[in-house]
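The residues making up each chain are set out below.
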Amino acid sequence: MAESREAQRLDVAAGAHAYTIHFGGAAERALNAQTRALRDGGSRFAVITDSNVARVQGNLLDRFACEPLVLPAGEPSKSTESVARAWDWLCEARLDRTGSVFAVGGGVIGDLAGFAAATYLRGIRYFQVPTSLLAMVDSSVGGKTGINTGFGKNLVGAFWQPSGVFAVTDVLHTLPAREFAAGMAEVIKYGMLADRPLFDRLAKAPEPLQPGSAGLPEVIRRCCELKTGIVAGDERETASTGGRALLNLGHTFAHAIENTAGYGTYVHGEAVAIGLLMACRLSEELELPGQPVSPEVAPVLARYNLPLRLREPLAIDSLMAAMERDKKVRDQRLRFVVLESIGRAVTHDRVPEALIRELWSEFGAT
Ligand SMILES: NC(=O)c1ccc[n+]([C@@H]2O[C@H](COP(=O)([O-])OP(=O)(O)OC[C@H]3O[C@@H](n4cnc5c(N)ncnc54)[C@H](O)[C@@H]3O)[C@@H](O)[C@H]2O)c1
């Protein structure tokens, strides 16, 4: 089916910086045009990817006609060692201030390569070529780049906007099903926090979305539109209520699950799915208007094979301690995102600790 022009691009204004996100088949053409234009203009570029993408996406990488830096796949690559390797790679490729970096991979590569670009020569251009669904709908837009340290995730980084994003949806065919489902958790999140019609579409479509679904580029585009709209109002997450923090719906719980279970036990989107349902239950317990929402949300998460509760019990004390650490490091207060209805999220920072403990227990913690 031919894609409408509408589904093919999204122009984003981020302060003084403007860039375009391209989707579906149009993204492939735009990517080719971008690399050709850089070559014709005589400016150098470097490509950073991971070992899985290098193994299964040879065609995508071949079009750059330059040897990529291939980092080991997985979260441990968001490290100071990897960023040092990336800086050396850019030096060896003799990139000057007119050079650019292409981040070809999931969120790990996007965050790492974006941070390398933000810091090399005090900042050069970079382009995102997201290859996971999560990267297409979330990490490749919004301008957050960074790495982890021994003290926690994303502790070092920079706000650095990409100069273009190319979401070539065809590459999702090689993405493992579990990773696709994890990306769907973020898609469902967008519907829950800001777009009831999107949520309904995910709930009621006769077939669940798959990598080859004709409607997928349009859904990805809508998520990017929602994210960039929220980010535009609060680029550096400084709003005292609402703002960029709303994108963290379910994430306060999810980070505690990932941290306590050990990174890798749950794929990020799986922890987010449990967190989304916990945020619904919290909204119900706080007697916010428009409740209950969880009876509507749970079947949509289940439709995408996402977990609805902890698979194995985790200790409530450890989960609470993880939340407390997260709070100390990031925000000095425990702020939850809750729902007034599906499509309308708000921030809430006066939640009694006993209620959170009860919720953990309800979701399988002991
Ligand atoms: N910057 C932001 O705003 C932002 C937002 C959300 C998440 N993140 C970050 O994103 C990261 C998670 O991103 P992710 O879920 O994409 O993880 P990821 O980059 O580790 O990718 C997930 C897995 O899929 C593989 N993969 C990716 N594309 C593939 C393809 N087309 N075919 C086959 N395999 C493929 C990867 O090799 C990896 O094993 C985290 O580090 C998180 O902190 C950043």
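What counts, and where the lines are drawn
Residues numbered from 1 in each chain as written. Predicted model: local features only at pLDDT ≥ 70, side-chain atom pairs only at ≥ 80, totals over all residues. Heavy atoms only, no water. Helix = DSSP H or I, 4+ residues; strand = E, 2+ residues; numbered from the N terminus. Rg over C-alpha atoms; globule rule 2.2 N^0.38 Å. Contact = heavy atoms within 4.5 Å. Lys, Arg positive; Asp, Glu negative; His and termini not counted. Charge placed at Lys NZ, Arg CZ, Asp CG, Glu CD. Core = buried A, V, L, I, M, F, W, Y, C linked by side-chain atoms within 4.5 Å. Buried < 20%, exposed > 50% of the residue type's maximum accessible area, 1.4 Å probe, protein only. Domains from an automatic or database assignment. Disulfide = S-S within 2.5 Å. 1 Å grid on protein atoms, 1.4 Å probe; cavity = no way out; pocket = protein on both sides within 12 Å on 5 of 7 lines; lining within 4 Å. Points joined across faces, edges and corners; volume = space filled by probe spheres on them. Nonpolar A, V, L, I, M, F, W, Y, C, P; charged D, E, K, R; others polar. Arc of directions from axis to C-beta. Near = heavy atom within 4 Å. Areas by Shrake-Rupley, 256 points an atom, 1.4 Å probe, with all protein chains shown as cover.

A separate point is the overall build of the chain. Secondary structure summary: the chain contains 14 helices and 11 strands in total. The C-alpha radius of gyration computed for the chain amounts to 20 Å, which stays within 12% of the reference 21 Å derived for 366 residues, consistent with globular compactness. Seen through its principal axes, the chain has C-alpha atoms that stretch 60 × 45 × 40 Å. A separation of at least 24 residues holds for 73% of the contacts in the chain among residues at least 6 apart in sequence. Of the charged side chains in the chain, 39 are positive and 42 negative, and the gap between their average positions amounts to 4 Å.

Soluble globular proteins tend to bury their nonpolar side chains together. Ranked by size, the top nonpolar core spans 98 residues in total, and within it Phe 102 and Trp 360 carry the most contacts. Of all the elements, helix H11 (residues 268-285) adds the most residues to this core, at 10 residues. Looking at which domains feed residues into this core, each of domain 1 (5-174) and domain 2 (177-362) gives three or more. Membership of the second largest hydrophobic core comes to 21 residues, among which are Trp 89, Leu 90, Leu 95 and Phe 115.

Taken as a whole, helix H8 (residues 196-204) has its buried residues at Leu 198, Phe 199, Asp 200 and Leu 202. Packing partners of the buried residues in H8 comprise helix H7 (177-194), helix H9 (216-232) and helix H12 (294-303).

Scanning all chains against the criterion turns up 0 disulfides. Free cysteine: Cys 224, not disulfide-bonded; nearest cysteine sulfur from Cys 223 at 6.9 Å. Left without a disulfide partner, Cys 280 is nearest to the cysteine sulfur of Cys 223, which lies 17 Å away. Since its relative accessible area comes to 0%, Cys 280 is described here as buried.

All right, on to the environment of Lys 78 then. By secondary structure assignment, the location of Lys 78 is in the loop between strand E4 (69-71) and helix H4 (80-92). On the basis of relative accessible area, Lys 78 is assigned to the buried category, the value being 4%. The spacing of Lys 78 and Gly 110 is 32 residues in sequence and 9.6 Å in space, taken between C-alpha atoms. Leaving out residues up to four positions away in the same chain, Lys 78 has contacts with Val 108, Asp 111, Leu 112, Gly 146, Ile 147, Asn 148, Lys 153 and Asn 154.

This part covers empty space enclosed by the protein. Applying the stated criterion to the full structure yields 2 cavities of 30 Å³ or more. In this structure, the largest cavity occupies an estimated 50 Å³ of space. Val 12, Ala 13, Ala 14, Tyr 19, Gly 142, Gln 161, Thr 228, Val 231 and Ala 232 are the residues that line the largest cavity. Within the residue set of the lining of the largest cavity, elements represented by two or more residues are strand E1 (9-14) and H9. Here the lining of the largest cavity is composed, by residue class, of 6 nonpolar, 3 polar and no charged. There are two domains that each give the lining of the largest cavity at least three residues, and those are domain 1 (5-174) and domain 2 (177-362). Approximately 30 Å³ is the volume found for the second largest cavity. Forming the boundary of the second largest cavity are Asn 248, Gly 250, His 251, Thr 252, Phe 253, Ala 279, Phe 336 and Val 337.

Here we come to H12. Among the residues making up H12, those that are buried are Ser 294, Val 297, Ala 298, Val 300 and Leu 301. Down the axis of H12, the buried set is contained in an arc of 170°. They therefore lie on one face. Looking at the buried residues of H12, the elements they touch are H7, H8 and H11. Backbone geometry just downstream of H12 places Asn 305 in the positive-phi region, at approximately 55°.

So, on to the site of the ligand. With respect to spatial proximity, 25 residues lie near the ligand, and among them Asp 50, Gly 107, Thr 131, Ser 132 and Thr 174 are the closest. Bound to the protein, the ligand loses 88% of the 860 Å² it would expose on its own. Only helix H2 (51-56), helix H5 (107-119), helix H6 (133-139) and strand E8 (152-159) provide two or more residues apiece to the shell around the ligand. Per-class residue counts for the shell around the ligand are 8 nonpolar, 8 polar and 9 charged.

Before going further, it helps to spend a moment on the environment of Cys 91. Looking at the element boundaries, Cys 91 is found in helix H4. When its relative accessible area of 46% is taken as the criterion, Cys 91 is described as partly exposed. Taking the C-alpha atoms as reference points, Cys 91 and Tyr 120, separated by 29 residues in sequence, lie 8.8 Å from one another.

With the exception of glycine, the majority of residues adopt a negative phi angle, and the majority of peptide bonds are in the trans configuration. Of the consecutive residues Gln 291 and Pro 292, the connecting peptide bond is found in the cis state with omega at 0°. Within the fold, Pro 292 resides in the loop between H11 and H12. We note that Leu 121 has phi near 50°; this positive angle belongs to a residue other than glycine. Counting through the fold element by element, Leu 121 comes out in the loop between H5 and strand E6 (125-130). Since its relative accessible area comes to 35%, Leu 121 is described here as partly exposed. Look at Asn 305: it is not a glycine, yet its phi comes out positive at around 55°.

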